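# Structural description and commentary
What follows is the residue order along each chain.
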There are 2 protein chains.
Amino acid sequence: MESQPPGRPSPAYYDIVIVGAGPAGLMLSTCLARWGYKIKHIDNRSEPTPTGRADGIQPRSLDLLRNMGLKSAIMAHKPARVFEVAFWDPPKEGKGIVRTGTWASCPSFIDARYPFTTLLHQGLIERVFIADLEKQGVEVQRPWSIKGFKSDDKVNPYYPVQVDLEHVDGGARETVRAKYLFSGEGARSFVRDKLGIGITHKDPISHVWGVMDGVVETDFPDIKVEHGSIMVIPRENNMVRLYIQIASSTDPDWNPRKTATEQEVQASAKKILKPYSIEWERVEWYSVYPIGQGIAGKYTLDHRPKAGQGMNTAFLDAQNLAWKIHAVEAGFADRALLMTYEPERRAVAENLLDFDNRYAKLFSQRPPAANEVQAASNNTNGSATEENEFIKTFKESCEFTSGYGVAYGPNSLNWSPLHPAHSPLVLTYPEDTRLRPGHLMINADVTRVVDANVVHLEQQIPLNGSFRIYVFAGRPSSTTQKALLDLASHACKGRSFLTSYLRPDLGDVSHHENLNPHSLFFTLCTVFAAPHARIEIARDVPALLARYRGLVFADDRFDHRVPDATAAAHAKMGLDPERGGVVVVRPDGYVGIVVRLVEGSGTVDALNQYFGSFCKKKLGGVSRALL
Amino acid sequence: MESQPPGRPSPAYYDIVIVGAGPAGLMLSTCLARWGYKIKHIDNRSEPTPTGRADGIQPRSLDLLRNMGLKSAIMAHKPARVFEVAFWDPPKEGKGIVRTGTWASCPSFIDARYPFTTLLHQGLIERVFIADLEKQGVEVQRPWSIKGFKSDDKVNPYYPVQVDLEHVDGGARETVRAKYLFSGEGARSFVRDKLGIGITHKDPISHVWGVMDGVVETDFPDIKVEHGSIMVIPRENNMVRLYIQIASSTDPDWNPRKTATEQEVQASAKKILKPYSIEWERVEWYSVYPIGQGIAGKYTLDHRPKAGQGMNTAFLDAQNLAWKIHAVEAGFADRALLMTYEPERRAVAENLLDFDNRYAKLFSQRPPAANEVQAASNNTNGSATEENEFIKTFKESCEFTSGYGVAYGPNSLNWSPLHPAHSPLVLTYPEDTRLRPGHLMINADVTRVVDANVVHLEQQIPLNGSFRIYVFAGRPSSTTQKALLDLASHACKGRSFLTSYLRPDLGDVSHHENLNPHSLFFTLCTVFAAPHARIEIARDVPALLARYRGLVFADDRFDHRVPDATAAAHAKMGLDPERGGVVVVRPDGYVGIVVRLVEGSGTVDALNQYFGSFCKKKLGGVSRALL
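Described below are features of the structure shown in this document. The shown structure was predicted, so the numbers you read here are calculated from the model rather than taken from an experiment. (Residues numbered from 1 in each chain as written. Chains lettered and ligands numbered in written order. Predicted model: local features only at pLDDT ≥ 70, side-chain atom pairs only at ≥ 80, totals over all residues. Heavy atoms only, no water.)

### Here we look at the sheet that holds strand β19 (residues 454-456) of chain B
Residues and elements named next belong to chain B. Rule in force here: In this scheme, strands are said to pair when DSSP sees at least two bridges between them. By the criteria applied, helices consist of DSSP H or I runs no shorter than four residues and strands consist of E runs no shorter than two, each listed in order from the N terminus. Where helices are involved, their axes are fitted lines through C-alpha atoms of the stretch in contact, as for all axes, and angles between N-to-C directions lie from 0 to 180°.
Pairing within the open sheet is mixed, and its seven strands lie in the order β19-β18-β22-β21-β20-β23-β24. At either end of the open sheet lies a strand with only one pairing partner, and these are β19 and β24 (591-595). Neighbouring strand axes in the sheet, compared pairwise and without regard to direction, differ in orientation by 30 degrees on average. Judged from the four bridges that link them, strand β23 (residues 581-585) and β24 form a sheet pairing that is antiparallel. Counted as the bridge partner of V583 is V594 from β24.

If you want it as structure tokens, here you go:
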């Protein structure tokens, strides 16, 4: 231990110090607090985000919030739901503006549970996280800021980072030690500055926009639908947010530092909306700001990126990091797992910037025809042959803006032919299955056998830090049943992925524990291709899987996307209902690997190979059953 | 005014005194408080219902709670959802019990939004109402009881009822005057006793049951599904409620006053469930009680019935009364409207008792075959020809237990050929429409035009005390459009149902007011049989209806119940999309009358006739437009 300065208390020890209580910091804090980590969380503002700064929650982010049990608290604020974006342009002849088309926020080719963007005051969203943190005993310490930090394994190998914190009025100071330091400070980051990581602006500032929240009276028909040039966004409590272009680099008097008064912003809006009228009853908040694209020069474990995507990106960054920290700190995964964070999230940010450029380029060449938008929106089967470049790009844009398009490339977590798991039993996309490693699992309805409740399969395992193993078990009492028994018996043998990571308190686990009865790193779930009344858990489900009583499902619900399927969930995943398959989903909902369900040890061998590529213990080998 | 006893304050004046804060009292109080009435609400318990007494919220009651904006607060408690009831019986050969069938709580032939029974602690449900009342400034005064009441129009014609109230410890007393006195005291009612109204027991006590809430460990497979002989009901927090038959009038030692200890109740349960085992980890609450059927001798406006149906019936009783009191007190309806309360609710209670008898009789003759249950559950088209008596009775039972079967007979509110509205334009069931006066409007999805949100049509007008006028307007720019314009212009003329009841503050109504911009007694809504992108409010909707901007809908959503329909909502209601129709729905969601949409004054004339049969003013006649 290093010597202490006189008169200061000895440093407190934390698993992590989190700087900044915006969406990224709060998401990370919430996940880790729930999983039992000790957190020091500071923010340099005295209060959470007060007003303005409404943000759009993407369809996929709503799934994620629901998976954390936070969706209903957010929806209780009755946020606006944007189903469509309307485009208004000057007409070919004459003056004024006319509606030239409407685009769905999340067209039907995306299989989303919530096909709309949810708009809510960011401060209200933050408070939902803050309330959840309070339940875990974590309080954000305000207004405090970070004054310095250094990392030295030799001083304390368990808590290598020393962090100096100070009350913003300069009075109180605190020095703490931690395993991790996370900066969620946004664009102006002390931590990033200290580490010498810049933000690369791919493009210089190109526009100045005004944003204004308020209650308006207008005869403009689409005031509740989002717009193009001027963006009109409905909000809660009769409010409307307008984003109004104030200046552009193509203007003759272009000045990237241009500002505007409230009246000037309103005048710009009135000009754009002509011949329609608009008057403000009340302005809640307004601001003027320059825009450009930015990306952090380096994604490291010591900071979080500012990729210009706001809250949705922040959520995914933090969630990606959270479960990986947990996997390492709880003793499951090798520390190298943390190295997958930067490439995964950085590639997403880069893809997005690249896409933005392609998108803008394509649209500047020629505007899309209405029938192309229609064709792109309605096409659900993805038959690529008839798609022109516009339709492809439009679809890609929908996938990005809905959040469903976020996907991670091959690495130890996301199987590819280069992965060390070389089992011939791996099912590959698109030949054997519609599930793709690194992509989200596909949403599907099923019936829970114990209580006949109709449920959303992808939501049945909460964000609990565990890998999700979905055993698609074919039909009960059919030929797959021998394979199912073999899967269970081999998973119970010594040195399997499961028995290698049993709970230390295995004998004392309550029989009500349904998610992690055996291991904190795995939750197992079984889906039969049969009507739920035909399934008898005691008869059809091996004891290992029956222990997850509430996670035995019947694939017996009609799905209009696969109207002819007898087992719609199997069909949507592209799995044969006669043969089944085992789907490994990462704790964050992305597919890791899909394996054939076969008799003998092959299926568990393949899972052992997969998990063995990033976990700490050597898996596999012959031994007796332990469970 | 009568003289005051010395030393007592002069009586306070209330619109209504409500005695008892169970489901009926709370529902009535909540409705009337929201509509601005002054309420004295007392209850003789010091606290709301503490524990036990969980109750099942029927599927239709959940619609009702949602229509009041209270559903999400109830669902936030994560109540159990019962989708199925399982029947276990002794096998034909051998010992023990086997599952002989499962019945859906709300089979698919019922077009329910929430096809399950919601189980939650009654105390938690009551607290949702109490919290809502607090927002309106109404507090339940506890523990106070009613000591006497008398009614005399001559003393005070505006507040005819004098009510004496007393703190249960006998200390404080209060005398108040009111327009109405409501007793929601349940089976032991001071008010009913005073009025000499007995409860008729159609049958004497026939069984003694035990009920026990607790956490159990069992190998019985259906512990999360409701059962027949023994009733096993899942509850929140891993709890299970068991209803266990303790004694029956067919027992040799039958005693209707039999009691049982906790251990005796558990022993009965263990015996019934053999060969399965059951052990209690914790008993939260248990009780033993006799059962029989009861109905109040008289339904009057001075009390509420105790029909043995519990919370769901109480909700409907109170809601039925609430909007009628409002219609009368706010000056819309003739006082005679109140006389429809007793016959409507009494007939529902009697139908239920009669049905129970028929049901029991049918089942005692022979148990239903599994294929009959299956046939009854799956039949969605209601082709009556192939249904035997069992299937019909089973369906009827599902309609009762889901709440969708509650219907009111002909009177001034529910049109029939005997109704004073003799217009030839009335659409009748089943010839012209699938909507039936006195029955609930049929649920349907539509798209809201202003913001492209997909919504549930039947939920778009909240329980606001207004009649709901749904104008099914056919296709925009088609031949129905002249009829639509005529409807709007005749509704705007003097002495129409609408102009006769305009808001006194008509000129000062905020342009954000979307439900009652013209009248507190009517909310108007328009549904086009067209894709939402084709509808231009400024062009297609007459100004009167366009004023309800958020209530203009497109009937453009697919519905699997009418897969071939181009306009599914029209099809479900049995309305021709080329011709439309006007549907009047009572404030409580029951259909009043359905009228053809025609050119000229006929449609409005028919509406004037309908409303004229129970409202205070004379409607109809030629005059100039007032709106």
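### Description of the packing of helix α1 (residues 23-34) of chain A against helix α4 (residues 122-135) of chain A
When two helices pack together, their arrangement is given by the angle between the helix axes and the distance between those axes. Residues and elements named next belong to chain A. Put simply, the test is: In what follows, roughly perpendicular refers to angles from 65 to 115 degrees, roughly parallel to angles under 35, roughly antiparallel to angles over 145, and oblique to any angle outside these ranges. The handedness criterion is simple: a crossing whose near helix is rotated anticlockwise from the far helix by less than a right angle is left-handed, and one whose near helix is rotated clockwise is right-handed. The contact criterion used throughout is that any non-hydrogen atoms of two residues lie within 4.5 Å. Residues are sorted three ways: Asp, Glu, Lys and Arg are charged, Ala, Val, Leu, Ile, Met, Phe, Trp, Tyr, Cys and Pro are nonpolar, and all the rest, Gly among them, are polar.
Close contact between α1 and α4 brings their axes to 9 Å; oriented N to C, the two are set at 20 degrees. One finds that α1 runs roughly parallel with respect to α4. Read as a crossing pair, α1 and α4 show a hand that is left-handed. Taken together, the residues of α4 that come into contact with α1 (itself represented by P23, L26, M27, S29, T30, A33 and R34) are Q122, E126, F129, I130, D132 and L133. Tallied by class, the residues present in the contact of α1 with α4 amount to seven nonpolar, three polar and three charged.

### So, the environment of K395 of chain A
Take K395 of chain A: it is sitting in helix α10 (residues 389-402). For the pair K395 of chain A and F109 of chain A, spaced 286 residues apart in the sequence, the C-alpha separation amounts to 8.5 Å.

### Observations concerning unusual backbone geometry
The residue after R142 of chain A, namely P143 of chain A, is reached through a cis peptide bond having omega -25 degrees. Inspection of the secondary structure assignment puts P143 of chain A in the loop between α4 and β8 (144-151). Geometrically, the link from K274 of chain A to P275 of chain A is a cis peptide bond, its omega value of 10 degrees lying close to zero. Among the structural elements, P275 of chain A can be located in the loop between α6 (262-273) and β16 (278-291). Of note in the backbone geometry, A452 of chain B takes a positive phi value of approximately 60 degrees without being a glycine.

### Description of the relation of the copies chain A and chain B
What counts is decided by this rule: In superposing the copies, a least-squares fit is computed on C-alpha atoms, taking residues whose pLDDT is at least 70 in both.
Take chain A, turn it by 180 degrees, move it 0.0 Å along the axis, and it overlays chain B with an RMSD of 0.1 Å. Here the copies are linked by what is in effect a two-fold axis. Among all C-alpha atoms of chain A, that of S72 of chain A lies closest to the rotation axis, at 4.1 Å. Most of the interface of chain A is mirrored in chain B, where 100% of its interface residues are also at the interface.

### Quick word on the state of the cysteines
A covalent bond between the sulfur atoms of two cysteines is referred to as a disulfide. As a reminder of what qualifies: Only a pair of cysteine sulfur atoms within 2.5 Å qualifies as a disulfide here. Type-normalised accessible area, obtained with a 1.4 Å probe on protein chains alone, sets the label of each residue: buried when under 20%, exposed when over 50%, and partly exposed for intermediate values.
Scanning all chains against the criterion turns up zero disulfides over all chains. C525 of chain A takes part in no disulfide bond, and the closest cysteine sulfur, belonging to C492 of chain A, lies 17 Å away. The exposure class of C525 of chain A is buried, given its relative accessible area of 1%. Counting only cysteine sulfurs, C106 of chain B is the nearest neighbor of C398 of chain B, a cysteine outside any disulfide, at a range of 7.6 Å. Its relative accessible area of 3% is what places C398 of chain B among the buried residues.

### Let's talk about the pattern of salt bridges
Worth spelling out the cut-off: Any carboxyl oxygen of Asp or Glu that lies within 4 Å of a side-chain nitrogen of Lys or Arg is treated as forming a salt bridge with it.
If you walk through the whole model with that rule in mind, you get 50 salt bridges over all chains. Across the pair D15 of chain B and K179 of chain B runs a salt bridge whose closest N-O atoms are separated by 3.1 Å. A residue pair is termed long-range when its members are at least 10 positions apart, and D15 of chain B in strand β1 (residues 12-19) and K179 of chain B in strand β10 (residues 173-183) qualify at 164 residues. Judged by its relative accessible area of 13%, D15 of chain B is buried. Classification of K179 of chain B as partly exposed rests on a relative accessible area of 24%. Here R282 of chain B and E284 of chain B are joined by a salt bridge, their closest N and O atoms 3.8 Å apart. In this structure, a network of salt bridges that share partners links the residues D15, K179, E329 and R335 of chain A.

### Concerning the environment of G36 of chain A
Within the secondary structure, G36 of chain A sits in the loop between α1 and β2 (39-42). Distance in space between the C-alpha atoms of G36 of chain A and D15 of chain A is 9.8 Å, their sequence separation being 21 residues.

### Details of the interface of chain A and chain B
Stated precisely, the cut-off is as follows: The term buried area denotes the loss of accessible surface (1.4 Å probe radius) that occurs when two parts are joined, taken as the sum for both partners. We define a polar contact as two N or O atoms separated by no more than 3.5 Å, with the added condition that, inside protein, one atom must be a possible hydrogen donor and the other a possible acceptor, whereas residues neighbouring each other in sequence contribute only through side-chain atom pairs.
With 26 residues of chain A at the contact, the number on the chain B side is 26 residues. Between chain A and chain B, roughly 2200 Å² of surface is buried when both sides are summed, and carbon and sulfur atoms account for 46% of that area. Among the residues of chain A in contact with chain B, F83, H511 and H512 of chain A are the three that bury the most area, contributing 22% of the side total. Joining chain A to chain B, the criterion identifies zero salt bridges. Put simply, chain A and chain B have seven residue pairs in polar contact (both at pLDDT 80 or more) between them. For the side of chain A that touches chain B, the secondary structure elements donating two or more residues are β6 (98-104) and β12 (207-218) of chain A. Here the side of chain A that touches chain B takes three residues from β12 of chain A, the largest share from any one element. Class assignment for the residues of the side of chain A that touches chain B results in eleven nonpolar, six polar and nine charged.

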